[in-house]
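Structural overview for review
Here is what each chain is made of, one letter per residue.
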Amino acid sequence: MNHAATLPQVERVEMDELPCWRIRTAAAELLVAEQGAQILSYQRDGEPPLIWLSEQAEFRRGQSVRGGVPVCWPWFGDLARNPAGVRAMREGEGEGPAPAHGEVRGRDWQLLDIAKENGAVTLAFSLLLPSGGLPDWPHALDLTLAIRLDERLDLRLTTHNRGSYRVALSQALHTYLAVSDIREASIEGLDGLRYIETLEGWDERQQSGILHFAGETDRIYLDTPPRLDLVDPGWKRRICLEASGSHSAIVWNPWIDKAARLSQFADDAWQRMLCIETANVLDDAVELAPDQSATLALCLWSEPL
Ligand SMILES: O=P(O)(O)OC[C@H]1O[C@@H](O)[C@H](O)[C@@H](O)[C@@H]1O
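Here's what I pulled together on the structure shown here.

Rules behind the numbers
Residues numbered from 1 in each chain as written. Predicted model: local features only at pLDDT ≥ 70, side-chain atom pairs only at ≥ 80, totals over all residues. Helix = DSSP H or I, 4+ residues; strand = E, 2+ residues; numbered from the N terminus. Rg over C-alpha atoms; globule rule 2.2 N^0.38 Å. Buried ≥ 20, exposed ≤ 12 C-beta atoms within 10 Å, placed from the backbone. Contact = placed C-beta atoms within 7 Å. Near = placed C-beta within 6 Å. Nonpolar A, V, L, I, M, F, W, Y, C, P; charged D, E, K, R; others polar. Pairing = 2+ DSSP bridges. Core = buried A, V, L, I, M, F, W, Y, C linked by C-beta atoms within 7 Å.

1. Looking at the overall build of the protein chain
Tallying secondary structure elements over the protein chain gives 2 helices and 22 strands in all. Taking 2.2 N^0.38 as the reference for a compact globule, 305 residues should give roughly 19 Å; the C-alpha atoms of the protein chain span a radius of gyration of 19 Å, in line with that estimate. In terms of overall dimensions, the protein chain has C-alpha extents of about 55 × 45 × 35 Å along its principal axes. The burial tally for the protein chain puts 40% of its 305 residues in the buried class. Looking at the protein chain alone, contacts between residues at least 24 apart form 66% of all its contacts between residues at least 6 apart.

2. Considerations on the site of the ligand
Around the ligand sit G77, A100, H101, H174, D218, I250, W252 and E277, and that is every residue in its neighbourhood. Of the residues contributing to the shell around the ligand, the split by class is 3 nonpolar, 3 polar and 2 charged.

3. Looking at the sheet that holds strand β19 (residues 248-253)
Taken in spatial order, the 7 strands of this open sheet run β5-β11-β20-β19-β16-β13-β14, and their pairing is antiparallel. At either end of the open sheet lies a strand with only one pairing partner, and these are β5 (71-72) and β14 (203-206). Pairing analysis gives 2 bridges linking β5 to strand β11 (residues 171-178), with the strands arranged antiparallel. From the neighbouring strand, C72 faces β11, where its bridge partner is A172.

4. Focus on the nonpolar core
Ranked by size, the top nonpolar core spans 82 residues in total, and within it V32, I51, L177, L274 and I276 carry the most contacts. No other element matches the 6 residues that strand β8 (residues 141-149) contributes to this core. Those residues in contact with L177, other than ones at most four positions away along the chain, are L50, I51, W52, L230, I239, M273, L274 and I276.

5. Here we look at the pairing of β11
The element β11 is largely enclosed, with a buried count of 8 among its 8 residues. Pairing geometry for β11 and strand β20 (residues 273-280), over 8 bridges, is antiparallel. When the sheet's bridge partners are listed, T175 is paired in β20 with I276.

6. What about unusual backbone geometry?
Residues L7 and P8 are joined by a peptide bond in cis, for which omega reads -5 degrees. Along the chain, P8 turns up in the segment before β1 (9-15). Cis geometry marks the peptide bond from W73 to P74, where omega comes out at 0 degrees. Take P74: it is sitting in the loop between β5 and α1 (84-87). One non-glycine residue, W255, adopts positive backbone phi at about 60 degrees. Position of W255 among the secondary structure elements: in helix α2 (residues 255-261). Despite not being glycine, D291 has its phi angle at roughly 70 degrees, a positive value.

What follows is the structure, given as structure tokens:
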């Protein structure tokens with residue numbers, strides 16, 4: 001049988017407790033969990049993975065998988081650190097303290113559609129929500145994620161306000177990227193930007209030059225340009241990220257001590273990953289009037305160095 005003639009292929013697979021979809025095109029493979037509409041891994045033929053999945057990842061219902069691209073929504077990070085308008089949307093403590101990175105990473109989403117066209121595949125996922133919204137976040141919003149795989153990987157996270165009042169939220173595509181060695185990697189595109197140093201009192205600082213890594217890093221960059229590049233000399237490639245609908249980005253590596261405290265994370269895994277999170281946070285948070293939509297999008301690809 002001519003294998004190439006049958007491509008692209010979409011196959012349903014089980015990863016322990018999680019139903020997933022494996023997509024194979026002529027040049028790449030992508031694995032997506034239906035829970036959280038979470039991309040788990042992405043690799044192009046002949047290259048190391050672009051998206052990192054922890055070797056200690058657990059595929060359990062109700063729990064985000066360590067690695068891939070978790071969707072953070074309707075708030076990013078610690079809710080208490082969000083703008084007042086975003087904080088005000090959560091009501092009551094019925095379900096306990098607000099979980100980090102919002103409510104949808106471990107929830108059920110539904111695959112609505114698989115479309116194949118000219119060698120590309122698009123999967124459309126929708127968050128399954130009661131019509132009144134989340135238990136402590138009772139607002140009438142629809143959330144969809146469109147994942148398109150061709151020569152590049154395209155993600156489009158769209159929120160639509162079908163309610164009768166304005167809603168504020170923060171969000172991120174929390175992309176875990178694979179690197180040969182974080183100590184050799186760098187990020188281009190941040191020079192001159194203001195950032196919040198979350199490790200030192202949430203002080204505002206200014207980036208000077210290319211960002212290199214020599215310790216724990218957890219920063220929120222503001223007024224980000226559309227394009228950021230992760231340069232990886234060890235694997236002789238750059239991973240290019242092109243965002244739209246976003247003017248903020250989080251850059252995160254836990255380094256040695258925090259790595260030891262993280263779940264589903266090997267003690268030495270900090271060497272092999274780096275998160276560049278395409279976001280709408282702090283003064284870049286989103287406010288949606290009734291019937292308004294907003295799309296946070298990321299296009300990802302690699303180029304040889
Ligand atoms: O362990 P979690 O909830 O997936 O979060 C991982 C990291 O996510 C990053 O976005 C945050 O900036 C870090 O502070 C956090 O540690």
